Amino acid sequence: MGKDTKIEWCDSTVNGTSGCDGCELWNAQARTCYAGQLQTNRLSKSLPRLYSSDFSQVQMIPGRYAQAASWSDLRGTERPEKPWLNGKPRTIFVGDLGDTFSRAVTDEFLTRELLGAITSKQGKRHFWMLLTKRPKRLAELAKKWGGLPDNVMAMTTVTDQQSADKRVAELLQVPCHWRGLSCEPLLGPVELRTVNDARGNHALSLKNPSANKIHWVICGGESGKDARPMHPDWARSLRDQCKTAKVPFLFKQWGEWSEVDPEARTEDGQHVSIIADSQKGKSLFRPLTDCLVSADGRTWSRESLPSDLSGRLMRRAHKAISGRLLDGIEHNGYPLTEGRDA
Ligand code: SF4
C-alpha cells in the first residue's frame, strides 16, 4: 500500500488483500514474483498479522480501499517525476502485492470494500486500475455489478503469446470503458492483433482506432536476481503494434538486462543480430555480464554459445542502470482516463 509509489505508470498503490493463488511466476517451479519474494522475505516478518510467510495463504484486509479513496485529489497537480500523469486524476494501481481476484477473496468483500470505495464520493475523484491474472473472474464480477464504473481500467498481465491468447480474450469479456495490458515481464513475442473475443472482436484494430478493445499497453523486462532477458525485438514489436493501432504505449523498464549496441543497424535500417563467432561478437561479448538471446528467448553464455548462432547481445546490470529507453526514446504513452465513451 503506498500513497506514493515509484512505479512509473501510477501515483499510488493499494492492496486490500494479501497473498495470491500463484501463476507462471510463482509455482512449484518458479519463484520470480516480486510480491511473493517481498512477502515471504520481509512483510511476513515485519507485519505477520497481515502477511503470512506462506504466500499462497490469501487474506482480506478490510478498510484499505476506503483509505485509498480518502487520499487527496490530484487533478491539476504537477508530478515532476512522472509528467505523463499531469492533468490526470490520482491513478491508483489496485493489487501490486498479490492478486485481488484470488479464490479466497469473496465476491461479497470485493463488492462491499472495493466497489464501495470506487463508487464512494471520495473514490469517484480517482482513477482505479484493477490488474489481475484472473480476468475471467473479474469479468464475472463486473457483469454482476452491471459493468465497471467509468473511473476504472480492467487490466491483465501478459508474459507471452500463450498468456495473451487466454487472458486478453477473457479481458475482452469484462464490461468496462477501459482495458489495459501489463506486458511485464515480457518473456516471449506477443502478437495482439490476432487475439479475438468470442464475437470476433480484435484486441487491436489495424483499421479503426475507435474499434480497439485494448486502450493501453505497458511493456517491461524482468528484474530481480533470477531475471531473464527480454529480447529487444519483442518490445519493439509491441511498440510498433501500438503505434499502428494508435494505442498509448508505455515502456516501463528493461529490467535487469538491456541490449548492447542497440543503435547498430544494417543498411536497410534493421537492427543488427550479433553472430557469436564474428569479430564483432567476440569483441563486444563480456563473459561475466553478457548473454546472447535468440529470437525464441533461449539464452547463451560465452561458454555455451554455438559458434554460428546469431542473436541479440544483452548485458546484465541493475534495472536503474538498464533504464527505460527503447531505441533511444522514452515511451510514456498514457490513456486519457476520462471522457471516453464505452
Ligand atoms: S498473480 Fe501476480 S502476485 Fe500472484 S504470483 Fe503471479 S505475479 Fe505474483
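The coordinates are above.
Residues numbered from 1 in each chain as written. Predicted model: local features only at pLDDT ≥ 70, side-chain atom pairs only at ≥ 80, totals over all residues.

Q: Before we go on, may I ask you to explain the overall build of the chain in this structure?
A: Along the chain, the regular secondary structure elements total eight helices and 16 strands. Taken against the 2.2 N^0.38 rule, which gives 20 Å for 342 residues, the C-alpha radius of gyration of the chain at 21 Å falls within 12% of a compact globule. Once the C-alpha set of the chain is aligned to its principal axes, its extents read approximately 65 × 50 × 40 Å. In the chain, which comprises 342 residues, the proportion classed as buried is 42%. Relative to all contacts within the chain whose residues are 6 or more apart in sequence, the contacts with residues 24 or more apart total 76%. (Helix = DSSP H or I, 4+ residues; strand = E, 2+ residues; numbered from the N terminus. Rg over C-alpha atoms; globule rule 2.2 N^0.38 Å. Buried ≥ 20, exposed ≤ 12 C-beta atoms within 10 Å, placed from the backbone. Contact = placed C-beta atoms within 7 Å.)

Q: What should I look at first to understand the site of the ligand in this one?
A: Taken together, Cys20, Gly22, Cys23, Leu25, Trp26, Cys33, Ala35, Gly36, Gly98, Asp99 and Lys133 form the complete shell of residues around the ligand. Partitioned by chemical class, the residues of the shell around the ligand number six nonpolar, three polar and two charged. (Near = placed C-beta within 6 Å. Nonpolar A, V, L, I, M, F, W, Y, C, P; charged D, E, K, R; others polar.)

Q: How should I be thinking about the sheet that holds strand β9 (residues 249–253) in this particular structure?
A: Strand pairing in a sheet is mediated by backbone hydrogen bonds. Such pairs are either parallel or antiparallel. One open sheet holds the seven strands; their spatial order is β1-β4-β5-β6-β7-β8-β9, and the pairing between them is parallel. The sheet is open, and its two borders are formed by β1 (12–14) and β9, each paired with just one other strand. Within this sheet the neighbouring strands show an average axis-to-axis angle of 25 degrees, counted without direction. Across three bridges, β1 lies against strand β4 (residues 91–94) in parallel orientation. Its bridge partner being in β4, Ser12 is matched across the sheet by Ile92. (Pairing = 2+ DSSP bridges. Axes fitted to C-alpha atoms, helices over the stretch in contact; angles between N-to-C directions.)

Q: Got a minute to help me understand unusual backbone geometry in this structure?
A: Excluding glycine, residues mostly carry a negative phi; peptide bonds, for their part, are mostly trans. The peptide bond linking Glu184 to Pro185 adopts the cis configuration, its omega dihedral lying at -5 degrees. Tracing the backbone through its elements, the reader meets Pro185 in the loop between β7 (178–183) and β8 (216–220). The backbone of Lys246 shows a phi angle near 60 degrees, a positive value even though the residue is not glycine. When you line up the elements, Lys246 lands in the loop between α6 (232–245) and β9.

Q: How should I be thinking about the nonpolar core in this particular structure?
A: The tendency in soluble globular proteins is for nonpolar side chains to be buried as a group. Counting residues in hydrophobic clusters, the biggest one holds 68 residues, and the most contacted among them are Met129, Ala154 and Val217. When near neighbours in sequence (up to four residues on either side) are disregarded, Ala154 contacts Leu130, Pro135, Leu138, Leu148, Leu171, Val174, Cys176, Trp178 and Arg179. Among the nonpolar cores identified, the runner-up in size contains six residues, and Cys20, Ala35, Phe55 and Leu97 belong to it. (Core = buried A, V, L, I, M, F, W, Y, C linked by C-beta atoms within 7 Å.)

Q: What's the story with the packing of helix α4 (residues 135–144) against helix α5 (residues 161–171) in this structure? I'm lost.
A: Relative orientation of the contacting elements α4 and α5 amounts to 10 degrees, with a least axis distance of 8 Å. With respect to each other, α4 and α5 are oriented roughly parallel. Listed contacts from α5 to Pro135, Lys136 and Ala139 of α4 are Arg167, Glu170 and Leu171. Across the contact of α4 with α5, the residue classes break down as three nonpolar, no polar and three charged. (Parallel < 35°, antiparallel > 145°, perpendicular 65-115°, else oblique.)

Q: What am I meant to see in the environment of Asp150 here?
A: Mapped onto the secondary structure, Asp150 falls in the loop between α4 and β6 (152–157). For Asp150 and Lys124, which are 26 residues apart along the polypeptide, the C-alpha to C-alpha distance reads 9.3 Å.

Q: Help me understand the pairing of strand β14 (residues 310–316), please; the structure alone is not making it clear to me.
A: Along any regular strand the residues' side chains alternate between the sheet's two faces. Counted residue by residue, β14 has five buried out of seven residues, so it is predominantly covered. Note that strand β12 (residues 290–293) and β14 share four bridges and pair antiparallel. Opposite Val293, over in β14, you have Arg312 as the bridge partner.

Q: Just to check I follow, could you spell out α6 for this structure?
A: Side chains three or four residues apart in an α-helix point the same way, a direct result of the helix having 3.6 residues per turn. In this model α6 runs 20 Å from its N-terminal to its C-terminal C-alpha over 14 residues, within 8% of the 20 Å that 1.5 Å per residue would give. Restricting attention to buried positions, one finds in α6 the residues Pro232, Trp234, Ala235, Leu238, Gln241, Cys242 and Ala245. Lining the buried residues of α6 we find β7, β8, β9, β10 (257–259), β14 and β15 (325–326). Of the residues one or two after α6, Lys246 is the one with positive phi, at around 60 degrees. (Expected span 1.5 Å × (residues − 1).)

Q: Teacher, can you tell me more about the environment of Ile321 here?
A: One can find Ile321 in helix α8 (residues 319–322). Judged by the 11 C-beta atoms lying within 10 Å of it, Ile321 is exposed. With 64 residues separating them along the chain, Ile321 and Trp257 place their C-alpha atoms 9.3 Å apart.

Q: In this structure, what is going on with α5? I would like to understand it.
A: Looking only at α5, the buried set comprises Ala164, Arg167, Val168, Glu170 and Leu171. Buried positions in α5, seen along its axis, are confined to an arc of 155 degrees and lie on one side of it. (Arc of directions from axis to C-beta.)

Q: Would you take a moment to explain the pairing of β4 for this structure?
A: Side-chain alternation along β4 places Thr91 and Phe93 on one buried face and Ile92 and Val94 on a second face that is also buried. Sheet topology note: the β4/strand β5 (residues 127–132) ladder contains four bridges and is parallel. Looking across to β5, one finds that Val94 is bridged to Leu130. Handedness of the β-α-β unit built from β4, helix α3 (residues 107–118) and β5 comes out right-handed. (Right-handed = clockwise from strand over helix to strand, strands pointing away.)

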